[in-house]
Amino acid sequence: MCGILGLVARSPVNQILYDGLLVLQHRGQDAAGIATMEGNTFHLHKGNGLVRDVFRTRNMRALRGNAGIAHVRYPTAGSAIDHNEAQPFYVNSPYGIVLGHNGNLTNTEQLQQELFLEDRRHVNTKSDSEVLLNVLAHELQVNSTMRYRLEIRNIFDAVSGVHRRCSGGYAITAMIAGYGLLAFRDVYGIRPLVLGSNQTEQGTEYLVASESVALDTLGFRFLRDIA
């Protein structure tokens with residue numbers, strides 16, 4: 001069980017994501033991480049330990065941008081002590097993607113072989129989350145239009161590709177550089193993920209979270225479960 005957040009706001013998201021992780025701390029105490037997006041640039045900080053121990057003032061100042069994802073980890077796959085398995089994970093191709101994952105894949109070994117032998121992608125940890133990230137990245141690449149430009153239908157087709165290849169339960173928050181936030185669950189909706197909104201003078205903000213308590217605490221109105 002892990003906790004995940006995804007936020008698109010009208011102002012810097014670093015503090016809101018930090019506060020949200022504190023609310024979701026009970027879902028994982030082994031590692032924590034936040035990734036924000038500033039234009040086409042990702043800012044990422046993560047490490048082992050509780051939220052309050054992972055982030056210092058200097059780390060928070062570096063997490064610039066009005067969109068971001070966050071993660072607290074309870075390891076159910078891979079290593080419980082390897083800091084390289086803290087999330088979010090990042091891959092630079094295609095586009096640049098960061099991803100946070102709650103759940104378990106049941107066909108990880110098969111996917112690892114497919115990624116290496118067929119997709120020509122390298123997975124550097126024992127985490128099924130990194131496997132899922134690389135499956136998503138490959139599906140985005142093969143479903144993109146000419147000259148690697150993404151349209152909405154390409155993203156939906158890529159998520160369908162993840163559903164086709166990945167077995168198990170999973171809830172995902174991800175960001176694609178230059179495009180924005182992506183959130184989805186497995187086809188059976190085994191892992192929880194909810195969507196909320198907040199109205200500001202500058203416009204509407206959206207938050208996805210593992211539990212509705214994060215929406216309530218951060219002042220967002222519950223809209224629906226992520227389908």
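Structure first, text after, so check above.
Predicted, not measured: the structure shown is a model, and the values here were computed from it. (Residues numbered from 1 in each chain as written. Predicted model: local features only at pLDDT ≥ 70, side-chain atom pairs only at ≥ 80, totals over all residues. Heavy atoms only, no water.)

**Quick notes on the overall build of the protein**
The test is simple: Strands here are runs of E lasting at least two residues and helices are runs of H or I lasting at least four, both read from the DSSP assignment and numbered beginning at the N terminus. Within these notes, the globule rule equals 2.2 Å times the number of residues to the 0.38 power, and the radius of gyration is based on C-alpha atoms. With a 1.4 Å probe rolled over the protein chains alone, any residue whose accessible area is under 20% of its type maximum counts as buried; one over 50% counts as exposed, and the rest are partly exposed.
Along its length, the protein carries 7 helices and 11 strands. The C-alpha radius of gyration computed for the protein amounts to 16 Å, which stays within 12% of the reference 17 Å derived for 227 residues, consistent with globular compactness. With the C-alpha coordinates aligned to their principal axes, the bounding extent of the protein is approximately 45 × 40 × 35 Å. Going through the 227 residues of the protein one by one, you find that 53% of them count as buried.

**Observations regarding the environment of Thr 217**
So the rule is basically this: In the analysis that follows, any N or O atom pair within 3.5 Å is treated as a polar contact, provided that within protein one partner can donate a hydrogen and the other can accept it, and provided that, for residues neighboring in sequence, both atoms belong to side chains.
With respect to the helices and strands, the residue Thr 217 is situated in helix α7 (residues 212-218). A residue is classified by how much of its surface remains accessible, and Thr 217, at 48% relative accessible area, is partly exposed. A sequence separation of 50 residues divides Thr 217 from Ser 167, and the C-alpha atoms of the two residues are 33 Å apart. Here Val 213 takes part through its backbone oxygen, which lies 2.8 Å from a polar atom of the side chain of Thr 217.

**Section: the packing of helix α5 (residues 128-143) against helix α6 (residues 152-165)**
As a reminder of what qualifies: Fitting a line to C-alpha atoms yields each axis, with helices limited to the stretch in contact; the angle taken between N-to-C directions then spans 0 to 180 degrees. Angle categories: roughly parallel below 35 degrees, roughly antiparallel above 145, roughly perpendicular from 65 to 115, and oblique for all the rest. Helix crossings are classified by the rotation of the near helix relative to the far one: an anticlockwise turn of less than a right angle makes the crossing left-handed, while a clockwise turn makes it right-handed. Two residues qualify as a contact provided that any one of their heavy atoms is within 4.5 Å of a heavy atom in the partner residue.
α6 packs onto α5 with a crossing angle of 135 degrees between their chain directions and a minimal axis gap of 8 Å. Considered as vectors, α5 and α6 are oriented oblique to each other. The hand of the α5/α6 crossing is right-handed. Contacts between α5 and α6 involve Leu 132, Val 135, Leu 136, His 138, Glu 139, Leu 140 and Asn 143 from the former and Asn 154, Ile 155, Asp 157, Ala 158, Gly 161, Val 162, Arg 164 and Arg 165 from the latter.

**Focus: the pattern of salt bridges**
Where we set the bar: Definition used for salt bridges: Asp or Glu carboxyl oxygen within 4 Å of a side-chain nitrogen of Lys or Arg.
Taken as a whole and judged by the stated rule, the model has 8 salt bridges. Its salt-bridge partner being Arg 73, residue Glu 85 comes within 3.1 Å of it at the nearest N-O pair. With a gap of 12 residues between them, Glu 85 in the loop between β4 (67-73) and β5 (89-91) and Arg 73 in strand β4 connect regions that are remote in the sequence. Residue class for Glu 85 comes out buried when judged on its relative accessible area of 2%. Bridged by salt links that share partners, the residues Glu 114, Asp 119, Glu 139, Arg 164 and Arg 165 form one connected network.

**Quick notes on helix α1 (residues 14-23)**
Basically, it comes down to this: Regarding the arc, it is the one traced by the directions from the helix axis to the C-beta atoms.
Of the residues making up α1, those classed as buried are Asn 14, Leu 17, Tyr 18, Gly 20 and Leu 21. For α1, the buried positions fall inside an angular range of 160 degrees around the axis, keeping them on one side. Residues of α1 that are buried make contact with β1 (3-8), β2 (31-38), α2 (51-54), α3 (57-62), β4 and α7.

**Focus: the pairing of strand β8 (residues 180-185)**
Heads up, the rule is: Each pair of strands is called paired provided DSSP finds at least two bridges between the two strands.
Alignment of strand β7 (residues 168-176) against β8, held across 6 bridges, turns out to be antiparallel. The residue of β8 that forms the bridge with Thr 173 is Ala 183. Here β7 folds back onto β8, and the loop between the two strands holds 3 residues, one of which, Gly 178, carries a positive phi near 85 degrees.

**Considerations on a nonpolar patch on the surface**
Rules: Patch construction takes residues with relative accessible area above 30% that form no salt bridge. Like charges are linked within 9 Å, and nonpolar side chains (Val, Leu, Ile, Met, Phe, Trp, Tyr) are linked within 5 Å. Using the Shrake-Rupley algorithm and a 1.4 Å probe, accessible areas are obtained, with residue cover drawn only from the displayed protein chains.
A cluster of nonpolar side chains, namely Val 8, Tyr 206 and Leu 223, defines an oily patch on the protein surface of about 230 Å² accessible area. Relative to the assigned elements, Leu 223 resides in strand β11 (residues 221-225). For Leu 223, a relative accessible area of 33% gives the class partly exposed.

**Quick notes on the packing of aromatic side chains**
Here is the rule we go by: Ring pairs are drawn from Phe, Tyr and Trp, using the six-membered ring of Trp, whenever the two centres fall within 6.5 Å, and their geometry is named by plane angle: stacked under 30 degrees, edge-to-face over 60, tilted for the rest. A ring is scored as having a charge over it whenever the NZ atom of a lysine or the CZ atom of an arginine sits within 6 Å of its centre and within 35 degrees of its normal.
In total, this model carries 4 aromatic pairs according to the counting rule given. Summarising the aromatic geometry, the rings of Tyr 18 and Phe 55 are spaced 6.0 Å apart at their centres and angled 85 degrees between planes, so their arrangement reads as edge-to-face. Taken together, the positions of Tyr 18 in helix α1 and Phe 55 in the loop between α2 and α3 put the pair 37 residues apart, joining distant regions of the chain. For Phe 55, a relative accessible area of 5% translates into the label buried. The interplanar angle of 80 degrees and the centroid separation of 5.7 Å between the aromatic rings of Tyr 95 and Tyr 179 together place this pair among those described as edge-to-face. Note that Tyr 95 is positioned in the loop between β5 and β6 (97-105) and Tyr 179 in the loop between β7 and β8, a separation of 84 residues in sequence. For the cation-ring pair, Lys 46 lies above Phe 89, with the distance from its terminal atom to the ring centre recorded as 4.8 Å.

**Topic: the state of the cysteines**
Note the cut-off: By convention in this document, the label disulfide applies to cysteine sulfur atom pairs within 2.5 Å.
All told, the structure shown has 0 disulfides when counted by the stated rule. Cys 166 supplies the cysteine sulfur nearest to Cys 2, a cysteine that is in no disulfide, at a spacing of 16 Å.

**Quick word on the packing of helix α4 (residues 108-117) against α5**
Which entries qualify depends on this criterion: Following the grouping adopted for this structure description, the nonpolar residues are Ala, Val, Leu, Ile, Met, Phe, Trp, Tyr, Cys and Pro, the charged ones are Asp, Glu, Lys and Arg, and the polar ones are all others, Gly among them.
Running from amino to carboxyl end, α4 crosses α5 at an angle of 45 degrees, the nearest separation of the two axes being 10 Å. Compared by their axis directions, α4 and α5 come out oblique. In the packing of α4 onto α5, the handedness of the crossing is left-handed. Touching Thr 108, Leu 111, Gln 112 and Leu 115 of α4 are Asp 128, Val 131, Asn 134 and Val 135, all from α5. Looking at the contact of α4 with α5 residue by residue, the class counts come to 4 nonpolar, 3 polar and 1 charged.

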